[in-house]
Protein chains: 2
Amino acid sequence: MFNKVLIRYGEIGIKSRGTRRRFEEILKNNIKLALKRYEIEGNIRTLHRRLLLEVDDSNLERVVSILEKIPGIVSFSPVVECNLDLEEIERTALEVFLRRVRELGRDTVTFRVKTQRVKKNFPLTSVEVNRYIGERILKYFQGAGPGNITLKVDLKNPEITLGIEIIDRAYVFTEVFRGVGGLPVNSQGKVLVLLSDGIDSPVAAFLMMKRGCGTVLLHLKISEEGLEKVEKIYQVLRDYDPTSKLLVFDYRGILKAIRELLEEIGEERYTCIVCKRIMLKIAQEYAKRFGCEGITTGDNIGQVASQTLRNIYVISEGISYPVFRPLIGLDKVEIVDIAKRIGTYNISTSKELRCFAVPRYPVTRGDVEKARELERYVLERIGDILSNKPLK
Amino acid sequence: MFNKVLIRYGEIGIKSRGTRRRFEEILKNNIKLALKRYEIEGNIRTLHRRLLLEVDDSNLERVVSILEKIPGIVSFSPVVECNLDLEEIERTALEVFLRRVRELGRDTVTFRVKTQRVKKNFPLTSVEVNRYIGERILKYFQGAGPGNITLKVDLKNPEITLGIEIIDRAYVFTEVFRGVGGLPVNSQGKVLVLLSDGIDSPVAAFLMMKRGCGTVLLHLKISEEGLEKVEKIYQVLRDYDPTSKLLVFDYRGILKAIRELLEEIGEERYTCIVCKRIMLKIAQEYAKRFGCEGITTGDNIGQVASQTLRNIYVISEGISYPVFRPLIGLDKVEIVDIAKRIGTYNISTSKELRCFAVPRYPVTRGDVEKARELERYVLERIGDILSNKPLK
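Please read all numbers here as calculations on a predicted model, not as lab measurements.

Definitions and cut-offs
Residues numbered from 1 in each chain as written. Chains lettered and ligands numbered in written order. Predicted model: local features only at pLDDT ≥ 70, side-chain atom pairs only at ≥ 80, totals over all residues. Pairing = 2+ DSSP bridges. Helix = DSSP H or I, 4+ residues; strand = E, 2+ residues; numbered from the N terminus. Contact = placed C-beta atoms within 7 Å. Axes fitted to C-alpha atoms, helices over the stretch in contact; angles between N-to-C directions. Least-squares fit on C-alpha atoms with pLDDT ≥ 70 in both. Domains from an automatic or database assignment. Nonpolar A, V, L, I, M, F, W, Y, C, P; charged D, E, K, R; others polar.

Colleague: Run through the sheet that holds strand β11 (residues 214–221) of chain B, naming residues and quoting values.
Modeller: Residue and element names in this part refer to chain B. An order of β12-β11-β10-β13-β14 is seen for the five strands of this open sheet, with the pairing classed as parallel. One side of each edge strand has no neighbouring strand; the edge strands of this open sheet are β12 (245–250) and β14 (323–324). Across the face of the sheet, helix α5 (residues 200–210) comes into contact with β10 (190–194), β11, β13 (295–296) and β14 while running at roughly 170 degrees to β10. Along the sheet, helix α6 (residues 224–237) makes contact with β11 and β12, crossing β11 at roughly 170 degrees.

Structure, rendered in structure tokens:
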């Protein structure tokens, strides 16, 4: 019955006309790419501040779960469309309503009609349409309709809201699915995300995607198990940014060298700081190569003793690209909630991998001069860190 | 009846013993400062993973609204305490329960008892206490109690949950208020926040406070009306960080000069970029002077045409302090929600102030070399931007 989906977007609508057009094109393209990834064919066109996607009925369920993850979409509804003719609207409304009543399978059902005139090109007002269609539905159920169901109008909290949107045609529906909101991926340029197998960085990646950034995910590989988890996380994140790329860089040897060199001179407490400084340098280099306009990390404050403001400063000092830390204002419980919602939490927590190089007592208030000096010391001894080619 | 409040904190509890002690002291101090601001006297001590605040009954309502805003507090309850003696607990529980029943003023009330043994120093288990006290309450209402009220046990969704926490003594309560969560302000060092009269930057300040940062708020004043709004916002934000300072720096003359100088050479499109670069330089200078370990801004992506990733890069290039942008991953609706919740939204939107210097067509993809050059050109002509002393 439903082979069309009416897609509503939010913030895009606020923009100037030119920007809105550009954003609509990007959103359409993202939806196409996402459908293609799951081998679903679809046709998509722009209505007045809406998109209309046409797919095969049989794919509807999968399409719903795909659209739920595409940034820029605020909500969407599988719809039946008809001409802007009151009789046709009535017929369609009854059909759609009846189907939903049957799905519910209950004796008493409360409902309301909610019309929105997206374009003001229809002789009746929204309120008039609500009243007219509502009355027709009530009459139908009293008359020739399924006699054993009692209908009641409830404007506040009905079990069925029959929606009608008046645009170029009329679109009738009973379900509204929520999207992730935000802006279409790639409408705001690209960022490079340092992606690990933990809980935080996948959430950071998602939040930047939600704000319209295309992503290049860079994993600095320390172990095979870590990479396996990251590859699973990548598959989940691609649902949000179908254009996302995963780069893998072999980092184990570098980290091992950092730890050993610092231990030799009794400075192993600085291992994490020097390691992260070098990670950011690698990230910055790849950000340049891939046309990214910033680096994103899962940094947040106070989860472990060494995650101090001071250490964030000591680690990112000397990086000229902006470092985006979308988790900086979030509590751990909030980060975990998002990770669960987006589907990365179970992968991240499936197997806890401990970094072999973490010293027993990491520095909690690093000194920036010292960190710079130790980094130089290490880099002089391990050679060109960027000579390694990405593994993929 | 209630002159004590049992305060629960979350993340602090996870830390090592030493860190936890330090955090508890900071939290106690923050609570004292907040009470002092409203001229409320209180006595506060540490229990086992809880704080106990003693205040005058008559202040309880105000104390609740103060505690609701203090970062680091997960929840709290006005309590009546008694010795760890089952008969005393029963008597206290009945007293507390009766009071709540009377407040509700209903014929039928559902309830449950929920005991937590924070210290395991009591002979009965939590379940045993629940059962015993629950039965005593039921019996009381059947017998000598207020005969016209019907009590029912409901373990899932009761109208009254009678809470009992077993610590050094027993603490009995029926209300649990939620706090803002996060970490105690000043447990994580200080940040300088660029504070304007708009919706965003107060939310950014709040989020950093919530993550345990002390704050120095710097307002670059352009108009008296703007400053008036900022001073009101400051009063609201001080409820979250009672140690917060507001610095005001006269910026109008500098901004006027930037605009005029750029207009003369036909580069007024770069006004906002050069303005914000200079703002960040002033912020960095004050961050240094006040011992802050980072700069916080209300930056987010895509609200207006010039808020692009590229421009964020072009603006913050050359700043060696980390720039925290806690709103970077949030949608406008999410930012507005937080602003409403914390109480700054109505002030921010009370009077829209437009910046006089914004050009008609601001650059949307600035060039970093050019921005640097224009900034140098401007700075050479307006002299030492830091010679202005803060107004307050």
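Colleague: Outline the sheet that holds strand β13 (residues 295–296) of chain A, supporting the account with residue identities and numerical values.
Modeller: All names here are of chain A. Spatially, β12-β11-β10-β13-β14 is the arrangement adopted by the five strands of the open sheet, whose pairing is parallel. The outermost strands of the open sheet, each flanked by one partner alone, are β12 (245–250) and β14 (323–324). The pairing of β13 with β14 spans two bridges and is parallel. Its bridge partner being in β14, threonine 296 is matched across the sheet by phenylalanine 324. Against the sheet, helix α6 (residues 224–237) makes contact with β11 (214–221) and β12, and its axis sits at roughly 170 degrees relative to β11, the strand it touches most.

Colleague: Run through the relation of the copies chain B and chain A, naming residues and quoting values.
Modeller: Rotating chain B by 180 degrees and moving it 0.0 Å along the rotation axis overlays it on chain A with an RMSD of 0.1 Å. The symmetry that links the two subunits is that of a two-fold axis. Considering only C-alpha atoms, the part of chain B nearest the rotation axis is proline 326 of chain B, at 2.9 Å. Here 100% of the interface residues in chain B have copies in chain A that are interface residues too; the copies meet face to matching face.

Colleague: Quick rundown of the environment of isoleucine 382 of chain B? Include the residues and the values.
Modeller: Residues and elements named next belong to chain B. Among the structural elements, isoleucine 382 can be located in helix α12 (residues 368–382). For the pair isoleucine 382 and isoleucine 258, spaced 124 residues apart in sequence, the C-alpha to C-alpha distance is 8.3 Å. When residues no more than four places from it in sequence are discounted, the contact partners of isoleucine 382 are Ile254 and Ala257.

Colleague: So what's going on with the domain arrangement of chain A? Residues and values would help.
Modeller: Buried accessible area, meaning the area lost when the parts come together, often serves as the stated size of an interface. Residues and elements named next belong to chain A. According to the domain assignment, chain A contains domain 1 (4–178) and domain 2 (190–382). Computed over C-alpha atoms, the centres of domain 1 and domain 2 are 43 Å apart. Contacts between the two partners involve six residues from domain 1 and, on the opposite side, seven residues from domain 2. Grouping the constituent residues of the side of domain 1 that touches domain 2 by class yields three nonpolar, one polar and two charged.

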